[in-house]
Amino acid sequence: ALQDAIDETGFQAIVQGIGACGCQLYMTPFKKIKEYRDFQSCDSNKYMQFHKLLMKNGVFTHPAQMEHMFVSTAHTEQDIEKARVAATAALKELK
């Protein structure tokens, strides 16, 4: 859902993670975060704005972009679609 929102909006960000271990959204021009110096390129203020816009739309994530986001069996297809729509709207607003 997050990658779909990035692709749809052309926003400068990446989704990175390992399967069931969750994912992270980084507001960065890099294609991949490989080390600490890469992480320093991330715009934490922009991520906080994104986080607040998601919360306004009923989608709750961790306020720090270095924390993982998880999808569980408790989430329905409707929950995932709601998150995708909210993320797309938030990224469009931030662009």
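Refer to the preceding data block for the structure.
Because the structure is a prediction, the values reported are computed rather than measured.

Overview of the packing of aromatic side chains
The final tally for this structure, using the stated rule, is two aromatic pairs. Relative to phenylalanine 39, the ring of tyrosine 26 has its centre 5.9 Å away and its plane inclined at 85 degrees; by these criteria the two rings are edge-to-face. With tyrosine 26 in strand 2 (residues 23–26) and phenylalanine 39 in helix 2 (residues 36–39), the pair connects residues that are 13 residues apart, well separated along the chain. For tyrosine 26, a relative accessible area of 6% gives the class buried. For the ring pair tyrosine 47 and phenylalanine 50, a centre distance of 6.1 Å and an interplane angle of 50 degrees mean the geometry is tilted. A residue pair is termed a helical-turn pair when its members lie 3 or 4 positions apart in one helix, as tyrosine 47 and phenylalanine 50 do in helix 3 (residues 44–56) at three residues. An identical accessibility class is assigned to tyrosine 47 and phenylalanine 50; each is buried.

Here we look at the nonpolar core
Where a protein is soluble and globular, its nonpolar side chains tend to be buried together. Leu2, Leu25, Met27, Phe50 and Leu91 are the most contacted members of the largest nonpolar core, which totals 19 residues. Those elements that place two or more of their residues in this core are helix 1 (2–9), strand 2, helix 3 and helix 4 (77–94). Leave out the neighbours within four places in its chain, and methionine 27 touches Phe11, Gln12, Ala13, Ser41, Cys42, Asp43, Lys46, Tyr47, Phe50, Gln65 and Leu91.

Things to note about the environment of phenylalanine 30
Following the sequence through the fold, phenylalanine 30 ends up in the loop between strand 2 and helix 2. As for phenylalanine 30 and alanine 83, which are separated by 53 residues in sequence, their C-alpha atoms are 24 Å apart. Those residues in contact with phenylalanine 30 that lie beyond four places of it in its chain are Ile14, Asp38 and Ser41.

Thresholds applied
- Residues numbered from 1 in each chain as written.
- Predicted model: local features only at pLDDT ≥ 70, side-chain atom pairs only at ≥ 80, totals over all residues.
- Heavy atoms only, no water.
- Phe/Tyr/Trp six-rings, centres within 6.5 Å; stacked < 30°, edge-to-face > 60°.
- Helix = DSSP H or I, 4+ residues; strand = E, 2+ residues; numbered from the N terminus.
- Buried < 20%, exposed > 50% of the residue type's maximum accessible area, 1.4 Å probe, protein only.
- Core = buried A, V, L, I, M, F, W, Y, C linked by side-chain atoms within 4.5 Å.
- Contact = heavy atoms within 4.5 Å.

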